[in-house]
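Structure assessment
Okay, here's what each chain looks like letter by letter:
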Amino acid sequence: MGASQTRSESVYQELMDKTGFSLEQIKNLKKRFLQLSGNEETISRENLDAIPALANNPIRKQIIEAFFDKRNQRSSEVGHLEEIGFEQFVMVMSHFRPPALRTSVEEREVMRKEKLQFLFNMHDTDNDGVITLVEYRKVVEELLSKSGAIGHEAARAIADAAMLEVASTNVPDMAPDDFYEGITFEHFEQILKGLEMESRMHIRFLDVDTSTMRCGKSTS
Amino acid sequence: MPLRTGSAGFGRSLPERGLLLLVVLVVLEGFFLPHGAASSPDVSHKESLDNHREADVGHNFTKKAFPVLSLDYHHIQTPFEISLWVLLASLMKLGFHLIPRLSGIVPESCLLIVVGLLVGGLIKLAGEEVPPVLDSRLFFQCLLPPIILDAGYFLPIRPFMENLGTILMFAVVGTLWNAFFIGGLLYAVCQIQPANPSDLHQLELLPCLLFASIISAVDPVAVLAVFEEIHINELLHILVFGESLLNDAVTVVLYHLFEEYAGAGTVTVMDCFLGVISFLIVAVGGVLVGAIYGILSAFTSRFTSHTRVIEPLFVFVYSYMAYLSAEMFHLSGIMALIACGAVMRPYVEANISHKSHTTIKYFLKMWSSVSETLIFIFLGVATVDGPHSWNWTFVTVTVILCLVARVMGVVGLTFIINKFRIVKLTTKDQFIIAYGGLRGAIAFSLGFLLNKEHFPMREMFLTAIITVIFFTVFVQGMTIKPLVELLAVKKKQEAKRSINEEIHTQFLDHLLTGIEDICGHYGHHHWKDKLNRFNKKYVKKCLIAGERSKEPQLIAFYHKMEMKQAIELVASGGGVKLPSAMPSTVSMQNIQPKKPPIAKSAERALPQLTRGREEEIRNILRSNLQRTRQRLRSYNRHTLVVDPYEDGFNELLIKKQKMIDLEKKIKEMNNYLTVPAAPPDSPTMCRARLASGRNTDFKPAQQQKGNRICEDPQAYSMKPASGTVPSIQVDLASPQSPESVSVIDEFRRANREEDDQGLVMRPRHRPGGPNKKTEEEGDTAKDPQKLMRCLSDPGPSAEDDEDEDEPFLP
């Protein structure tokens, strides 16, 4: 018992170093993980799909897919996983860590790039480093998927307008027979410059253990 | 300084000059002079004037049969003088912007106060009684509401809500701290002050606290006036401005509390407790009153689709009633107005027509800027007027304490707040927040309200308040701009909100909500999402008429953007050109994965994303645009203006008779009546033009290339200098010229084989048979269409400066 305790402690320590979460946060996440997986070692897509609060989220599929994307594991691998363990789960979560108290300009820049890369990966489903028009349309369609027929119609128009905007801001002088293949990561960075991702793309991870409260809520 | 002398001349003989300006009969002036001298609003003068006038009339009656020309200044005195003040204010505002260097150095508010000082001084020099211009009733009931409504209606809700905690902290705790710190120390200083025992020793603690509570509140009018000029980044702006709005509740409560007990003398713990309760009631009650009126207003606007003319009125009247109702119960009127504006706006905007929206925007801006100008001028006038009692100790101590308290409050509170904030407030930010704590006319008006019997030191208070206002507005207001530049504080980016940003804002919202849900804890994203869903499901259905209630935010944004661009295109001389769909087509090609030469597109899942697709998109865009057009049209129908469509049609018929040989063509043009000039106006198209036109000059080489995108009006209007070629020539040399058409057409034909019905509209866009068109035809065909475009849009010139007020847009 004591051995396993220390073993898990050391695993936690490793995760803490990797992700920057605090011990409490990791413990909280672990609890949630076990709750989601039904005390299994790994989580599958169905587990996440079953979360009731997610049911109304228009981009549910993409969010879930992001957890199983190897690119989000801070390794150079590519492809999709069928199941993820706790470590992968926390790795994905770590993209949503709020910026630390004191960060230098470079650190912020790195953080921003990471977060943007996460978003980019969500859009770039075939992993060719470019968000094509087809992919972008799909994003917008998903985004509007909850609004019925008008959403479907308008989504294409919006995606086209958005794509055209990207093309025209990044490659302003384009010959008529040039072809804008899609949004590269640099262009992606460029168009989202105004959004200050580094400070906006985060959620608050609980420091204190509120599992009882949480369980009560999530079961309801 | 011609301006100063100008204003001096203006002030010296205000009524006469005003008359001159308004071009009343010059002859009248002779009659007018004696009365003009007595034209002060002073009541006793009026009496004698009345008698005088009566005598005059009686005199006339006996002597003359009928007074052909008579003078009755008194009859129109009040509105006339009000008009004169407004005129003065507007002229001053106009004048400052004619002197470019001056307005760059000195903020407008300072200049206006100086003008007020001069005018007041001149009135006094003329031996007149200075009118009590900054009377509290006038101020709180007429001058303040427009400014606050303007602020509330155009409040950037998202940053406001995101920083609500910080703002409330500054507004409530900060103001309380300021009030008690200043009040307490002021009292202490007055007690230990040995030099002037008779005066200051009488001052008790409660009056001190009352004075401090008046002086400690940051003033929204002053903050707005200064911060709009320095273009600070959104976060700082909303922090300081939000604070100035929300601290009203604290000020109201403190003011009434201390005023109440200043007479009574003692304050018990119970009273403090009641004060806290009262604060909650004042704040929450104010917001509730505002929200109720806001919802009422939104609900009313649901049914205005047949009487567009009075739409803007509902917004103003409901807001004003919210303000008055809140004031009636001594609730916070400012908070009521803010809540009312913020609540009603999303729903009202979905209901009302575009023109009404523009009207609301301009009316609010106009009223608020006139109000603001008047307030500052009146501040100057009141300074000259007021009975002053200058007490060196009191005044200097007040100014110093104000500064110290502000700095300490901001630094202390930021220390606490930063523990909870993700985006920390840096030292620079703190400095700007502290330095931006300007005091203004609200403090003065509150001081003016004080009862002389209860507060024998009223004059001294007023003097001190004025000094603090002047100090903050002049010293801080003038130096804040250089300081912002010196410290390199982040400025506001003037970028337009792009559709990509909007998409990703929404995407991020959903993403974060989703991640929170997966994490299993319910943070504010979760609750925001719940609220949004509730809003969409129930509230919008009740408050928004028709299908627009179901419109998701992204689509609404898209439509708005589309609309704006259409208007911009029309306004920027889109009518000069034949609206050809060509440039956009080319640009769409650029992003369409459809070209056979590019190997990749074949691999992609959708190789048939071609012309048909494109045409479909265009259809969507067109129908969207048509919807907005219909809104515009319905407006006109109810203003008894001749329906421009009707008009256009008649014009067209005349044209038709003139050019019988082109009858067929014009009939084709008629299609634009049902599908009003949509394709060139749709945003993708004009964006494409903008984008592609940017780098094109009107070089002959490019014209030769034919389907090069250099012929669009956008590009032309952007570079008038480069347009050595007259526009029509450019027009004709470009893609309509036979060879270019054929080039495109061949290209198109290649695609036309495999796809499909999407091309139904095609021939209409391109008048004449593809290869037969002569230049002459192009020219004549263009004319009626140009006409169409001008007429079919209800007044492009009215929207002319749509882009000018871009900063006003949320």
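Residues numbered from 1 in each chain as written. Chains lettered and ligands numbered in written order. Predicted model: local features only at pLDDT ≥ 70, side-chain atom pairs only at ≥ 80, totals over all residues. Heavy atoms only, no water.

**Some remarks on the overall build of chain A**
- Across its full length, chain A holds 11 helices and 4 strands.
- Counting across all 220 residues of chain A, residues that qualify as buried make up 50%.
- Contacts in chain A between residues far apart in sequence, at least 24 positions, make up 57% of those at least 6 positions apart.
- Put simply, chain A shows about 10200 Å² of open surface, and 52% of that area lies on carbon and sulfur atoms. (Helix = DSSP H or I, 4+ residues; strand = E, 2+ residues; numbered from the N terminus. Buried < 20%, exposed > 50% of the residue type's maximum accessible area, 1.4 Å probe, protein only. Contact = heavy atoms within 4.5 Å. Areas by Shrake-Rupley, 256 points an atom, 1.4 Å probe, with all protein chains shown as cover.)

**A few points about the overall build of chain B**
- A count of helices and strands for chain B gives 38 helices and 0 strands.
- Classification of the 810 residues of chain B by burial places 55% in the buried group.
- Considering only residue pairs separated by 6 or more positions, chain B has 81% of its internal contacts joining residues 24 or more positions apart.
- Of the roughly 35700 Å² that chain B leaves accessible, carbon and sulfur atoms contribute 65%.

**What about a nonpolar patch on the surface?**
Residues and elements named next belong to chain B.
- Judged by side-chain polarity, W177, I400, L403, V404 and M408 come together as a nonpolar surface patch covering roughly 410 Å² of accessible area.
- Counting residues per element, the nonpolar patch draws most heavily on helix α19 (residues 392-417), at 4 residues.
- Inspection of the secondary structure puts L403 in helix α19.
- Its relative accessible area of 34% is what places L403 among the partly exposed residues. (Patch = residues over 30% accessible without salt bridge, like charges linked within 9 Å, V, L, I, M, F, W, Y side chains within 5 Å. Salt bridge = Lys/Arg side-chain N within 4 Å of Asp/Glu carboxyl O.)

**A closer look at the packing of helix α6 (residues 105-123) of chain A against helix α23 (residues 499-519) of chain B**
- Closest axis-to-axis distance for the α6 of chain A/α23 of chain B pair is 13 Å, and the angle between their directions is 95 degrees. By the angle class used here, α6 of chain A and α23 of chain B are roughly perpendicular. Residue-level inspection shows F118, L119, M122 and H123 of chain A of α6 of chain A in contact with α23 of chain B, the latter providing H504, F507 and L511 of chain B.
- Per-class residue counts for the contact of α6 of chain A with α23 of chain B are 5 nonpolar, 2 polar and no charged. (Axes fitted to C-alpha atoms, helices over the stretch in contact; angles between N-to-C directions. Parallel < 35°, antiparallel > 145°, perpendicular 65-115°, else oblique. Nonpolar A, V, L, I, M, F, W, Y, C, P; charged D, E, K, R; others polar.)

**Here we look at the pattern of salt bridges**
All names here are of chain A.
- Applying the stated criterion across every chain, the model contains 16 salt bridges over all chains.
- In this structure, R45 engages E82 in a salt bridge whose closest nitrogen and oxygen atoms are separated by 3.6 Å. Residue R45 is located in helix α3 (residues 45-49), and its partner E82 is located in the loop between α4 (60-67) and β2 (83-84); the two are separated by 37 residues in the primary sequence.
- A salt bridge links R137 to D160; its shortest N-O distance comes to 2.8 Å. Note that R137 is positioned in helix α7 (residues 133-143) and D160 in helix α8 (residues 148-170), a separation of 23 residues in sequence.

**Topic: helix α18 (residues 354-385) of chain B**
- Taking 1.5 Å per residue, 32 residues should reach 46 Å; α18 of chain B reaches 46 Å between its end C-alpha atoms and fits that length.
- In terms of burial, α18 of chain B is a largely internal element, 23 of the 32 residues being buried. (Expected span 1.5 Å × (residues − 1).)

**Some remarks on the side chain of S319 of chain B**
- On the secondary structure map, S319 of chain B appears in helix α16 (residues 311-328).
- Setting aside residues up to four positions removed in sequence, S319 of chain B forms contacts with L149, L337, C340 and M344 of chain B.

**A look at the environment of T426 of chain B**
All names here are of chain B.
- Relative to the elements of secondary structure, T426 occurs in the loop between α19 and α20 (427-435).
- Residue T426 is classed as partly exposed on the basis of its relative accessible area, which comes to 41%.
- It is 9.0 Å that separates the C-alpha atoms of T426 and T414, two residues lying 12 residues apart in sequence.

**Notes on the confidence of the model for chain A**
- Per-residue confidence for chain A gives a mean pLDDT of 76, with 82% of residues at or over 70.
- Ignoring residues within four places in sequence, the model shows residues 211-220 of chain A, a span with pLDDT below 50, making 13 contacts including any to other chains. (pLDDT = per-residue confidence, 0-100.)

**Examining helix α17 (residues 333-351) of chain B**
Residue and element names in this part refer to chain B.
- In this model, α17 (19 residues) spans 26 Å end to end at C-alpha, consistent with the 27 Å of a helix rising 1.5 Å per residue.
- At R345, α17 shows its largest kink, close to 45 degrees, and the proline P346 lies no more than four residues downstream.
- Counting buried positions along α17 gives 17 out of 19 residues, so the element sits mostly inside the fold. (Bend = angle between axes of the 7 residues up to and from the residue.)

**Focus on the packing of helix α5 (residues 73-98) of chain B against α18 of chain B**
Residues and elements named next belong to chain B.
- Between α5 and α18, whose axes approach to 9 Å, the crossing angle comes to 100 degrees. Considering the angle they form, α5 stands roughly perpendicular to α18. In this structure, α5 uses W85, V86, L88, A89, S90, M92 and K93 to contact α18, whose residues at the interface are S369, V370, E372, T373, L374, I377, F378 and V381.
- Taken together, the residues that form the contact of α5 with α18 break down as 10 nonpolar, 3 polar and 2 charged.

**Notes on unusual backbone geometry**
Residues and elements named next belong to chain B.
- One non-glycine residue, H231, lies in the positive phi region at around 50 degrees.
- Note that H231 resides in the loop between α13 (220-230) and α14 (234-264).
- Overall, the relative accessible area of 38% leaves H231 in the partly exposed class.
- Residue A488 is not a glycine yet carries a positive backbone phi of 55 degrees.
- The topology assignment puts A488 in the loop between α22 (458-486) and α23.
- Given a relative accessible area of 55%, A488 falls into the exposed group.

**Structural notes on the nonpolar core**
- Counting residues in hydrophobic clusters, the biggest one holds 146 residues, and the most contacted among them are W85, F139, L144, F227, I377, F394 and F444 of chain B.
- Take this core: its biggest share by element is 17 residues, from α14 of chain B.
- I377 of chain B has contacts with W85, L88, A89, M92, L112, V115 and G116 of chain B, leaving out every residue within four places of it along the chain.
- In this structure, L48, L81 and A161 of chain A together with I515 of chain B belong to the second largest nonpolar core, which totals 72 residues. (Core = buried A, V, L, I, M, F, W, Y, C linked by side-chain atoms within 4.5 Å.)

**Here we look at the packing of aromatic side chains**
All names here are of chain A.
- For the structure on display, the rule yields 25 aromatic pairs over all chains.
- With a centroid separation of 5.4 Å and 65 degrees between ring planes, the pair formed by F33 and F86 is classed as edge-to-face. With F33 in helix α2 (residues 23-37) and F86 in helix α5 (residues 86-93), this pair connects stretches of sequence that are 53 residues apart.
- Classification of F33 as buried rests on a relative accessible area of 1%.
- When its relative accessible area of 8% is taken as the criterion, F86 is described as buried.
- Taken together, the ring pairs connect F33, F67, F86 and F89 into an aromatic cluster.
- When the ring centre of F86 is taken as origin, the NZ or CZ atom of K30, which lies over that ring, is 4.7 Å away.
- For R45, the ring lying beneath its charged end belongs to F68, and the centroid distance is 4.6 Å. (Phe/Tyr/Trp six-rings, centres within 6.5 Å; stacked < 30°, edge-to-face > 60°. Lys NZ or Arg CZ within 6 Å of the ring centre and 35° of its normal.)

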